[in-house]
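# Structural description and commentary
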Amino acid sequence: FILTHWVINHSRADKIKRERSQLLVSIAISVALFVATAYLHLVSLRFCSGHMASIPMWPHTRVLSIVSLLFVTHLFQIGLFAGGFWIAGAWFGIGGFEGPDMAHPLDYLYFSAVMYTSLGIGDIVPTGHMRFIAGVEALNGLLLIAWSASFLFAMMNRLWDWEPCVEPKDEE
């Protein structure tokens, strides 16, 4: 009886230790991905407002160039999170996915894009501590998309020449 009790308590303690270590791994991966994507975004925006300003372009060409660069930056950030999901599952075994098999790198990219944009289709659902990384990606995507939108708004106010609006004539 004592031996059985010891084995049961010992296996519970091992399970708790394993859960804690998996949680710490998911937090570490999430923090690393947040820092990497935020820094990449900062570098991209600094390039747009700094170095790109020295390249002669028409205002509409500059706007399209910046929008294109930001789009590619967001795709790359989605790719970083997709790689993070793969590493978290394949190397650290902290969770998986329910739904269609995640057999191809494009499956991870698709899931990451759904999370990053907060689209939330729900055909693929993370399990275990992958759920934490998915939540962090949704929040991170929201922040980075908003950061891009505010940058574009400020840039448009600076670059775009607005024609004066026609005022109605007073009828006398």
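Analysis parameters
Residues numbered from 1 in each chain as written. Predicted model: local features only at pLDDT ≥ 70, side-chain atom pairs only at ≥ 80, totals over all residues. Heavy atoms only, no water. Helix = DSSP H or I, 4+ residues; strand = E, 2+ residues; numbered from the N terminus. Buried < 20%, exposed > 50% of the residue type's maximum accessible area, 1.4 Å probe, protein only. Contact = heavy atoms within 4.5 Å. Areas by Shrake-Rupley, 256 points an atom, 1.4 Å probe, with all protein chains shown as cover. Lys, Arg positive; Asp, Glu negative; His and termini not counted. Charge placed at Lys NZ, Arg CZ, Asp CG, Glu CD. Patch = residues over 30% accessible without salt bridge, like charges linked within 9 Å, V, L, I, M, F, W, Y side chains within 5 Å. Salt bridge = Lys/Arg side-chain N within 4 Å of Asp/Glu carboxyl O. Axes fitted to C-alpha atoms, helices over the stretch in contact; angles between N-to-C directions. Parallel < 35°, antiparallel > 145°, perpendicular 65-115°, else oblique. Nonpolar A, V, L, I, M, F, W, Y, C, P; charged D, E, K, R; others polar. Core = buried A, V, L, I, M, F, W, Y, C linked by side-chain atoms within 4.5 Å.

Looking only at helices and strands, the protein chain has 4 helices and 2 strands in total. In sequence order, the secondary structure elements of the protein chain are arranged as α-α-β-α-β-α. Along the longest, intermediate and shortest principal axes, the C-alpha atoms of the protein chain span 105 × 45 × 25 Å. Scored against the burial criterion, the 172 residues of the protein chain give a buried share of 28%. Pairs at least 24 apart in sequence give 77% of the contacts found in the protein chain among residues at least 6 apart. Summing over all exposed atoms, the protein chain offers an accessible surface of approximately 11,700 Å²; the carbon and sulfur share of this is 69%. Between the centroid of the 10 positive side chains of the protein chain and the centroid of its 13 negative side chains there is a distance of 20 Å.

Taken together, L23, L24, I27, V31, F34, V35, F132, L139, L142 and L143 make up a surface patch of nonpolar side chains, about 900 Å² in accessible area. Residue assignment for the nonpolar patch shows that the elements contributing at least two residues are α1 (2-49) and α4 (130-159). Structurally, the position occupied by F132 is in helix α4. Take F132: its relative accessible area is 37%, and that puts it in the partly exposed class.

Here we come to the packing of helix α3 (residues 105-116) against α4. At a closest axis distance of 7 Å, the pairing of α3 and α4 adopts a crossing angle of 60 degrees. By the angle between their axes, α3 is oblique relative to α4. Every residue of α4 that contacts α3 at F111, S112, M115 and Y116 is listed here: A134, E137, A138, G141, L142, L144 and I145. A per-class count over the contact of α3 with α4 returns 8 nonpolar, 2 polar and 1 charged.

A word on the nonpolar core. Core analysis: the biggest nonpolar cluster contains 17 residues, and F85, F97, F111 and I133 have the highest contact counts within it. Looking at this core, the elements that each hand over two or more residues are α1, α2 (59-90), α3 and α4. Not counting residues within four places of it along the chain, the set of residues in contact with I133 comprises S26, I29, S30, L33, F81, F85, A88 and I94. Residues L45, C48, V63 and L70 belong to the second largest nonpolar core, which totals 8 residues.

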